[in-house]
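Read off the chains here:
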2 protein chains.
Amino acid sequence: MVVSIIGIGLLGGSFALAIREKYPKMRFIGVDTSVVNGQLALAKGIVDDVLPLEEAVAQSTLVVLATPVNIIIDLLPTVLDYLPPGATVLDLGSTKGLICDVADAHPKRAQFVAVHPMAGTENSGPGAAFKELLSGKNLIICDREKSNPDSLTLTESLFRDAGMRLFYMNPQEHDLHLAYVSHLSHISAFALGLTVLEKEKDEQAIFDMASTGFSSTVRLAKSSPAMWAPIFDQNRANVSDALAAYIEFLQQFKQVIDDQDVHTSLDFMQRANVIRRVLDGIEKR
Amino acid sequence: MVVSIIGIGLLGGSFALAIREKYPKMRFIGVDTSVVNGQLALAKGIVDDVLPLEEAVAQSTLVVLATPVNIIIDLLPTVLDYLPPGATVLDLGSTKGLICDVADAHPKRAQFVAVHPMAGTENSGPGAAFKELLSGKNLIICDREKSNPDSLTLTESLFRDAGMRLFYMNPQEHDLHLAYVSHLSHISAFALGLTVLEKEKDEQAIFDMASTGFSSTVRLAKSSPAMWAPIFDQNRANVSDALAAYIEFLQQFKQVIDDQDVHTSLDFMQRANVIRRVLDGIEKR
């Protein structure tokens, strides 16, 4: 069996490393516009070969689209065009609405499976890939009824092999939830990084005074712009709503602090503390 | 030598545990308005006795004020009143301006040392204390020239023993920097928690879909409201400025997303990425 990984970065690379461990004889082909990424992926044992897209797809049983989401939209029709009968293509994108729309418009839609592994780090590229990334995390599969049963079964098996728990929903639900539990976190971290960098011109001061709390909150500001800009763009209606709600809470909080209204300040934080139940659950799983 | 810890929570308890390990014969007295906290601190071996404040202070060589900052302001004059000649009181508060003002107004100012250990977790109470909390972290000492040399030397020695690196600045600089590298992070997390909880009425959905990135960004929303409300209040001018700058960046980001201006979106994130240099340094130290 031959698997092609298109975009050999953190997520595609980690998927390949996890699956290779379970299936040592599966052959992996990498496709990447970056020659360096291809060489790193070969050197790290993520893939056995690096080939041009059409050549890789034409000999694959499974094609994994692991590029930024704007590139997924560009490549998906081409990959479906070249995909052999009986083969499957899946994407690992963090948005699902537009990608599923593109798939729906293609005659070979049933060979496509839309998935989103809820896993990542703030690092990117094949150097950041590691085989444990997906283990214990959640996978969302969208519009499963539109994929043919064999393609769906192959996808489910491989991600279960990688240690993931599977969830099912439609692309609209996916994009709405993700705006709140993922995309908003990233924007809050990017904006926090910008605010602190602008104010604290002396990086040494940040370094000396920052606590582990600051590091934790701003960590996602290290994330890849090339990955996130198209995510925010594709999910902009939901992200814009989430940001509006977040800004509203921040403005209320600021007013409460300006007014020295310690009672309401306490109340805000006590309500926010409810998140502990959710986080403690996430840490335990 | 007798040390009294007033407020036996995460920070006071962790300080006591770290120092006890180095000085097994030092006697520790706990003072706490919560009977349960006192009992937990005794059971955990954080303190040898629990006594009323005046009684504890009157026999101490060192008194550590480790309560929320509003209580530090209330208690500091009383503690100084009861403090024996030659003894020292220090506070561990996250704000320094108002606390130093209160100290400056007292005739025994020179027996006081204003410090802020840049360490903490989102948990509170004596149960959360652990002896490694302070190790490898930074301690800020304010207005050192106002403390008498013996009090300063004792303070510096003990925190170095706990594994901390020492920095010196005035209370105004401290409060300004902290608004950006600590207080703002907490408000951004509290507001993020509120936004997600309000939108995602179904906690199971957050649980199923939240990634480690979300957990990391919102972690500080678990922090103690009783500790943080008075910090925001005492440092409200700086915190309000920091929040205004943060909200402004978020509004710009929202506009850029609404406008589908992917170029500026990329530029924002690339500028925020500079924070990686700072964070990588913090993680290595």
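If you're wondering where the values come from, they're calculated on a predicted model, not measured in any experiment.

A.B. asks: What exactly am I supposed to notice about the sheet that holds strand β1 (residues 2-6) of chain B here?
C.D. replies: The strands making up a sheet are joined through hydrogen bonds of the backbone, oriented either antiparallel or parallel. The strand order across the open sheet built from 8 strands is β3-β2-β1-β4-β5-β6-β7-β8 (chain B), with neighbouring strands paired in mixed fashion. Both outer strands of the open sheet, β3 (49-50) and β8 (165-169) of chain B, are each paired with one neighbouring strand and no more.

A.B. asks: I'm lost on the interface of chain A and chain B in this one. Help?
C.D. replies: Where the parts come together, the accessible area they lose is often given as the size of the interface. The interface of chain A with chain B comprises 91 residues on the first partner and 91 residues on the second. Buried area between chain A and chain B, summed over both chains or domains, comes out near 9000 Å², and the portion from carbon and sulfur atoms is 69%. Among the residues chain A hides against chain B, the three largest losses belong to Leu194, Met209 and Lys222 of chain A. Together they make up 9% of the total. At the boundary of chain A and chain B, one finds 0 salt bridges. The interface formed by chain A and chain B includes 22 residue pairs in polar contact (both at pLDDT 80 or more). Sorting elements by how many residues they give to the side of chain A that touches chain B places helix α7 (residues 171-199) of chain A first, with 18 residues. A class-by-class count of the residues in the side of chain A that touches chain B yields 50 nonpolar, 22 polar and 19 charged.

A.B. asks: Can you help me understand the sheet that holds strand β2 (residues 27-31) of chain A in this one?
C.D. replies: Residues and elements named next belong to chain A. Here we have 8 strands laid out as an open sheet, ordered β3-β2-β1-β4-β5-β6-β7-β8, and mixed in their pairing. Strands at the two margins of the open sheet, each flanked by one partner only, are β3 (49-50) and β8 (165-169). Strand direction decides the pairing type here: strand β7 (residues 138-142) and β8, joined by 5 bridges, are parallel. Paired with Cys142 across the two strands is Met169, which belongs to β8. Sheet contacts for helix α6 (residues 149-161): β4 (62-65), β5 (88-91), β6 (112-117), β7 and β8; angle to β6, the most-contacted strand, approximately 25 degrees.

A.B. asks: Would you take a moment to explain the packing of aromatic side chains for this structure?
C.D. replies: One pair of aromatic rings is described through two measures. These are the centre distance and the angle between the planes. Per the stated rule, a full pass over the model turns up 9 aromatic pairs over all chains. Both rings, one in Trp228 of chain A and one in Phe232 of chain A, keep their centres 5.5 Å apart while their planes meet at 35 degrees; by these two values the pair is tilted. Taken together, the residues span about one helical turn, with Trp228 of chain A and Phe232 of chain A both in helix α10 (residues 225-234) at a distance of 4 residues. A single burial state applies to Trp228 of chain A and to Phe232 of chain A, both of which are buried. Ring centres 6.1 Å apart and planes at 85 degrees place the aromatic pair Phe253 of chain A and Phe232 of chain B in the edge-to-face group. A residue pair is termed interchain when its members come from two chains, as with Phe253 of chain A in helix α11 (residues 236-258) and Phe232 of chain B in helix α10 (residues 225-234). Taken individually, Phe253 of chain A and Phe232 of chain B each receive the classification buried, so the pair is uniform in this respect. Among the aromatic side chains, those forming a connected cluster through ring pairs are Trp228 and Phe232 of chain A together with Phe253 and Phe268 of chain B. Here Arg144 of chain A stacks its cationic end above the ring of Tyr168 of chain A, 3.7 Å away from the centre of that ring.

A.B. asks: Explanation requested: the domain arrangement of chain A in the structure shown.
C.D. replies: Residue and element names in this part refer to chain A. In terms of domain boundaries, chain A breaks down into domain 1 (2-169) and domain 2 (174-284). Here the C-alpha centroids of domain 1 and domain 2 sit 30 Å apart. Contact with domain 1, which involves 17 residues of that partner, is made by 15 residues of domain 2. Considering only the surface of domain 1 that becomes buried against domain 2, Ser94, Thr95 and Glu122 emerge as the three largest contributors, covering 42% of it. Among the salt bridges present, the one from Glu122 reaches Arg219, with a minimum N-O distance of 2.6 Å.

A.B. asks: Explain the relation of the copies chain A and chain B here, please?
C.D. replies: Here the two chain copies are tied together by a rotation about an axis and a shift along that axis. The transform that puts chain A on chain B rotates by 180 degrees and translates by 0.0 Å along the axis, for an RMSD of 0.0 Å. Read as a symmetry element, the transformation amounts to a two-fold axis. For chain A, the minimum C-alpha distance to the rotation axis belongs to Thr217 of chain A and amounts to 2.1 Å. Of all interface residues in chain A, 100% are interface residues in chain B too; the two copies therefore contact each other through one and the same surface.

A.B. asks: It is not clear to me how the pairing of β5 of chain A should be interpreted in this structure. Could you clarify?
C.D. replies: Regular strands have side chains that alternate between both faces of the sheet. All names here are of chain A. Side-chain alternation along β5 places Thr88 and Leu90 on one buried face and Val89 and Asp91 on a second face that is also buried. Of the pairings in the sheet, the one linking β4 to β5 comprises 4 bridges and is parallel in character. The residue bridging Leu65 from the neighbouring strand is Asp91, located in β5. Assessed by its sense of winding, the connection that carries the chain from β4 through helix α4 (residues 69-82) to β5 is right-handed. Two elements, β5 and β6, share 3 bridges in a ladder whose sense is parallel. Each bridged residue has a counterpart across the sheet, and for Asp91 the counterpart in β6 is Ala114. Viewed along the sheet, the connection from β5 through helix α5 (residues 97-104) into β6 turns out right-handed.

Conventions used here
Per chain, the residues get numbers from 1 upward, laid out in the order the sequence is written. Whichever chain is written first becomes A and whichever ligand is written first becomes 1, with later ones labelled in order. Only residues with pLDDT of at least 70 are given local features in this predicted model, and only at 80 or more are side-chain atom pairs given and counted; all residues enter the totals for whole chains, interfaces and linings. Hydrogens and water are ignored here; the side-chain numbers use all heavy atoms of the structure. Being paired, for any two strands, means DSSP has found at least two bridges between them. A run of H or I in DSSP counts as a helix once it spans at least four residues, and a run of E counts as a strand once it spans at least two, with each numbered from the N terminus. Working rule for contacts: check all heavy atoms of both residues, and any pair within 4.5 Å makes them a contact. Summed over both partners, the accessible area lost on bringing two parts together, with a 1.4 Å probe, is the buried area. For salt bridges, the criterion is a side-chain nitrogen of Lys or Arg within 4 Å of an Asp or Glu carboxyl oxygen. What qualifies as a polar contact is a pair of N or O atoms within 3.5 Å, subject to a donor-acceptor requirement within protein and to the restriction that residues adjacent in sequence count only when both atoms come from side chains. Residues are grouped as follows: Ala, Val, Leu, Ile, Met, Phe, Trp, Tyr, Cys and Pro are nonpolar; Asp, Glu, Lys and Arg are charged; every other residue, Gly included, is polar. Whenever a helix is involved, its axis is fitted only over the stretch in contact; in every case the axis is a line through C-alpha atoms, and angles between N-to-C directions fall within 0 to 180 degrees. Stacked, tilted and edge-to-face pairs are distinguished by plane angle, under 30 degrees for stacked and over 60 for edge-to-face with tilted covering the rest, among Phe, Tyr and Trp rings (Trp via its six-membered ring) whose centres lie within 6.5 Å. Only protein chains enter the accessibility calculation, which uses a 1.4 Å probe; a residue is then buried when its area is under 20% of its type maximum, exposed when over 50%, and partly exposed in between. Think of it as a cone above the ring: NZ of Lys or CZ of Arg counts as a charge over the ring if it is within 6 Å of the ring centre and within 35 degrees of the ring normal. Residue ranges labeled as domains rest on an automatic or database domain assignment. Only residues with pLDDT of at least 70 in both copies contribute their C-alpha atoms to the least-squares superposition of the copies. The handedness of a crossover follows from its direction of travel: if, with the strands pointing away from the viewer, the path from the first strand over the helix to the second runs clockwise, the crossover is right-handed.

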